[in-house]
Each structure stands twice: as structure tokens, then as C-alpha cells.
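# Results of the structural survey
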Amino acid sequence: MADISEAKKAKIGTSRFAEVEQAAPVAVFALTAAFKADPSPLKANLGVGAYRTDEGVPWVLPVVREVEAQMAADHSLNHEYLPIAGLPEFTQAATKLVLGDDSPALVENRAMGFQTLSGTGALRLASEFLKLRANFKVIYVPDPTWGNHLSIFNTVGFEVRRYRYWKPETRGLDLDGMLEDLKNAPEDSIVLLHACAHNPTGVDPTHEQWKQIAEVVKSRNLFTFFDAAYIGFASGDIEKDRWPITFFVSQGFELLVSQSFAKNFGLYNERCGNLAVVVRSSEAKGRIKSQLEKLARAMYSNPPNHGARIVATVLTNPTLYAQWSEHIRTMSNRITQMREQLYQKLKLMGTPGTWNHIVDQIGMFSYTGLNVKQVELLKTEFHIYAMNSGRLSMCGVTSSNVDHVAKAIHTAVTTVSSGL
């Protein structure tokens, strides 16, 4: 056998992936890893978007425990594949939850649900459909928005544009800027709207502001895509949190809604989501479903059962639903209490700047206005881990660490220049 040349030896010994670049770490997961490695007893993770009890630990909702016990004892259940579109009981119940039982879209058979891999999966599947099957080209997202929105829409191939949303001067909504940007959007653009508890700012439009937004969306013939990751979790009130969606449906809009059951059911690792579809004609539903099935088949084939069956069981049982309603109020109320306590402590210390935005904002996150250097000080001097944007997860604030968090913010603001 002939000797293998040195060049061939070198080629054989080199990985085909030698030219693959190292990607930057996903910021929120890197932050959690750094938090876990920190030995300090004072450490606090205010980065991760997951609920914690006042003891600082994850909470499995009691109603979820109850249903899981029932499922474990039910030997008629099995592990057969679900349909590509998911568990029918789940998609029907989830769609009713976000639209309301008396929604005209449901009454007129113009709405449907499609089970997805949590809210992220709904966003990705819908993006594939809108770009590859419905031929949309441009999508507008709020500035700022959840970082994964940009990753998803860019990956699919959309031209991603931003509309103004956050107004640093007021720590609130830049309604005039938002409306101006949407008025200048080309017809047939998609506009992504956060239904409630905007991530990362926690700033939501009022009902009157939503009506103004709807007028512009209608006048510019834009397509509405709602991201609804916090229905029920934001305020503890389902009807209040879904109001923007139900209002848009009442105004005759066709729209998509990405739903997640990570926060409001605590099913973070079950990847339980739904894509709700509202159209003007019921005959379009079958064609849309067929395309979604083709796309899902090529991505993940079909969705998981466990979380979907839990949610379906709870949402369709009045007794269990009542228990769950109490649970979401418990979570929402604790976050509201922590907002108030943190605000009062900053106020008491005379922390420079205005801090009422902490209590004015809603949901899991507070967009504090802290800059990168101030956030770095929180970590290095106080072992408090937060996103560089200044976004704090209020779920990580507890009655035992709120003094520490307030002191850290006060120190950062008074020792690091910020323009506050």
C-alpha cells in the first residue's frame, strides 16, 4: 500500500469544523452560570426570567402537582405521538384562554390553535409561515424588545425594523414615536406587539393608547403579530392581560398570537406553547393549518404531551381552573409587593433620580435605567446579577434581599455616572 502523503495526513487529521467560529454565549444563560459559580451568600440572580417564591426558589404550582399525580395514576395514558398540530384539547383551551369564550372569532369559527414548543417555538413557526408561505418581507419590533425576537426573525430572513417604544426621559412609553414609526411603515409589513408585561421594559400602553395603535395599524394595512408570554402572570387577571388581543379581534383584524405557558403555569422546561390564528374567513384555516403542519414536520415533527395535557386539564376543569387563578394572583401579587418595597426603600434613602417607574411598570421585569457600568458594580461589589440593559427580574427580589438590592442600586447611582 502506498504511503499516505504528509499533506493528506494533515488533511485527515484536521476537523472539518476547524473553521467554525466560536459563538458569543447567550447572555442570560451566561449570567446564570456566573451566578451559580459565585460562592457569596449575598448573591442574587435578577437576570433570569423565571418566577421565584419569597424564599428565592422555583415554585411548582400546587394545581400542576395535583394534575401530574392524576396523570401518573391514569394507566389509560400512554406515550404515543401527538398529532403534528398537537393535543386538540390543549389547543382549543389555550385559544379560548387568549381570545375569550365569547370571542367573535371563535363563535364564527374563524380561529384555531396550533401547539408549539413554548412561546419561542410559536414565534419561530409563525415566522417561517409568514415569510416562506405568506410572503411577508418586513417586520417591525419594538425598541427595545426581547433579544430572541431579533435572532428568530433575522434567522428566518425578515428585514427587521424597529419602532420607538421606550422613552428614557420618562422611563415610559414613547407613544408619539411609536405611532410615527408605524405610520411610516410600508403596507403589508408585520408589526410585533407585546400583549402585556412588555419585555424588557414592563411598560404597557393604556386602553386608549392601544386604540390609537390599532387605528394606525389599520390605516397602514399592517399585519398584527402578538407575543403573549405573560397572560395571567402580568396582573393576575386573565381578562385584563388579554384585553389588547380581544380588542384587536373585535375590530376585525386578522392576527397571530404566540402563547407561552412557561410563566403562568410554571412549566418552563416542558416547552408548552400555542400559536393562535385569527382570520376573516373560516375556509382559510385549513390551508394555514396544512402549511404549519408541513413546516413543523420538518423542524420537530410533533410536540410534547406532558405540559399540554396539564394545561388542558386545568383550563377545562372549573375547580382546577379556580385553583390556578389563585396561583397566578399569588405570583402577580408577590411581584407587585416587591416593586413597592424596592421603590419605598430607594425613596427612603433619597436615591437620586425618579423611581416611580418601578411601580408603574408591570410583570416580571423592571427596566431601571441603570447603565452597563452601574450593572457591573452591582455584580462586583454586591453579587447581584442583572442584564447589561439595566433590566431587573423582580422575581429575584425577596423580602430577605430587598434591602441589599436597594443599597446596591443606591450605591451604583451615587458612585457611577449615569445621567439619571
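Now for a description of the structure that goes with this document. Quick caveat, the model's predicted, so the values are computed rather than measured.

Conventions we followed
Residues numbered from 1 in each chain as written. Predicted model: local features only at pLDDT ≥ 70, side-chain atom pairs only at ≥ 80, totals over all residues. Heavy atoms only, no water. Core = buried A, V, L, I, M, F, W, Y, C linked by side-chain atoms within 4.5 Å. Buried < 20%, exposed > 50% of the residue type's maximum accessible area, 1.4 Å probe, protein only. Helix = DSSP H or I, 4+ residues; strand = E, 2+ residues; numbered from the N terminus. Contact = heavy atoms within 4.5 Å. 1 Å grid on protein atoms, 1.4 Å probe; cavity = no way out; pocket = protein on both sides within 12 Å on 5 of 7 lines; lining within 4 Å. Points joined across faces, edges and corners; volume = space filled by probe spheres on them. Nonpolar A, V, L, I, M, F, W, Y, C, P; charged D, E, K, R; others polar. Expected span 1.5 Å × (residues − 1). Salt bridge = Lys/Arg side-chain N within 4 Å of Asp/Glu carboxyl O. Phe/Tyr/Trp six-rings, centres within 6.5 Å; stacked < 30°, edge-to-face > 60°. Lys NZ or Arg CZ within 6 Å of the ring centre and 35° of its normal. Axes fitted to C-alpha atoms, helices over the stretch in contact; angles between N-to-C directions. Left-handed = near helix turned anticlockwise from the far one by under 90°. Pairing = 2+ DSSP bridges. Patch = residues over 30% accessible without salt bridge, like charges linked within 9 Å, V, L, I, M, F, W, Y side chains within 5 Å. Areas by Shrake-Rupley, 256 points an atom, 1.4 Å probe, with all protein chains shown as cover. Lys, Arg positive; Asp, Glu negative; His and termini not counted. Charge placed at Lys NZ, Arg CZ, Asp CG, Glu CD.

The next subject is the nonpolar core. A general tendency of soluble globular proteins is for nonpolar side chains to be buried together. In terms of nonpolar packing, the biggest core is built from 102 residues, with Ile213, Phe248 and Trp324 touching the most fellow members. With nine residues, the top contributor of residues to this core is helix 13 (residues 318-349). Not counting residues up to four positions away in its chain, the partners in contact with Ile213 are Leu175, Met178, Leu179, Leu182, Leu193, Pro205 and Phe248. In terms of nonpolar packing, the next biggest core, distinct from the first, is built from 30 residues, Phe136, Val156, Leu256 and Ala284 among them.

This paragraph deals with empty space enclosed by the protein. Considering all chains together, one arrives at one cavity of 30 Å³ or more under this definition. Around the largest cavity sit Leu97, Ala228, Ile231, Gln259, Ser260, Phe261 and Asn264, which together line it. Split by residue class, the lining of the largest cavity holds four nonpolar, three polar and no charged.

Moving on to helix 13. Residue pairs spaced three or four apart in an α-helix point in one direction, given the helix's 3.6 residues per turn. Its 32 residues give helix 13 an end-to-end C-alpha distance of 47 Å, which sits within 8% of 46 Å, the value for a rise of 1.5 Å per residue. Looking at the residues trailing helix 13, positive phi occurs at Gly350, about 70°.

A separate point is the pattern of salt bridges. As enumerated under the stated definition, the model contains 13 salt bridges in all. The residue Glu376 makes a salt bridge to Lys379 at a minimum N-O spacing of 3.7 Å. Of this pair, Glu376 and Lys379 are both found in helix 15 (residues 372-382), three residues apart, which corresponds to roughly one turn of the helix. Accessibility expressed as a relative area gives 36% for Glu376, which makes it partly exposed. Taking relative accessible area as the criterion, Lys379 reaches 30% and is therefore assigned partly exposed. One network of salt bridges, in which partners are shared, links Arg164, Glu180 and Asp181.

Okay, helix 4 (residues 88-99) next. Helix length check: helix 4 (twelve residues) gives 16 Å between terminal C-alpha atoms against 16 Å at 1.5 Å per residue, within 8%. Positive phi appears at Gly100, one or two residues downstream of helix 4, with a value of about 95°.

Moving on, we get to the packing of aromatic side chains. For the coordinates displayed, the defined rule picks out 17 aromatic pairs. Between the aromatic rings of Trp243 and Phe247, the centroid separation amounts to 5.0 Å while the plane-to-plane angle is 10°, which identifies the pairing as stacked. Of this pair, Trp243 and Phe247 both sit in helix 10 (residues 238-250), four residues apart, which is roughly one turn of that helix. As far as burial versus exposure is concerned, Trp243 and Phe247 are alike and both buried. Members of the aromatic cluster, each reached through a chain of ring pairs, are Trp210, Phe226, Trp243, Phe247, Phe248 and Phe253. Stacked on the ring of Phe365, the Lys or Arg Arg391 has its end atom at 3.7 Å from the ring centre.

The next point concerns the packing of helix 6 (residues 118-133) against helix 11 (residues 283-299). For the pair helix 6 and helix 11, the least separation of the axes is 10 Å and the interaxial angle reads 115°. For helix 6 against helix 11, the interelement crossing comes out right-handed. Together, Arg124, Leu125, Glu128, Phe129, Leu132 and Arg133 of helix 6 and Ile288, Gln291, Leu292, Leu295, Ala296 and Met299 of helix 11 make up the contact between the two elements. Its residues assigned to classes, the contact of helix 6 with helix 11 shows eight nonpolar, one polar and three charged.

Reading across from one edge, 2-10-9-8-7-3-4 is the order of the seven strands in this open sheet, with mixed pairing throughout. If you trace the sheet from one side to the other, it starts and ends with strand 2 (111-117) and strand 4 (159-164), each paired once. Looking at each pair of strands side by side, their axes are set apart by 25° on average, direction ignored. In this sheet, strand 8 (residues 223-228) lies alongside strand 7 (residues 190-194) in parallel orientation, the contact comprising five bridges. From the neighbouring strand, Leu193 faces strand 8, where its bridge partner is Phe226. Sheet strands touched by helix 7 (residues 147-156): strand 3 (138-143), strand 4, strand 7 and strand 8. Its angle to strand 4, the strand with the most contacts, is close to 145°. Relative to strand 4, helix 8 (residues 175-183) is tilted by about 145°, and along the sheet it contacts strand 3, strand 4 and strand 7.

Let's shift gears to a negative patch on the surface. Together, Asp101, Asp102, Asp237 and Glu239 make up a region of like negative charge exposed at the surface. Along the chain, the position of Asp237 falls in the loop between strand 8 and helix 10. Residue classification places Asp237 among the partly exposed residues on the basis of a relative accessible area of 36%.

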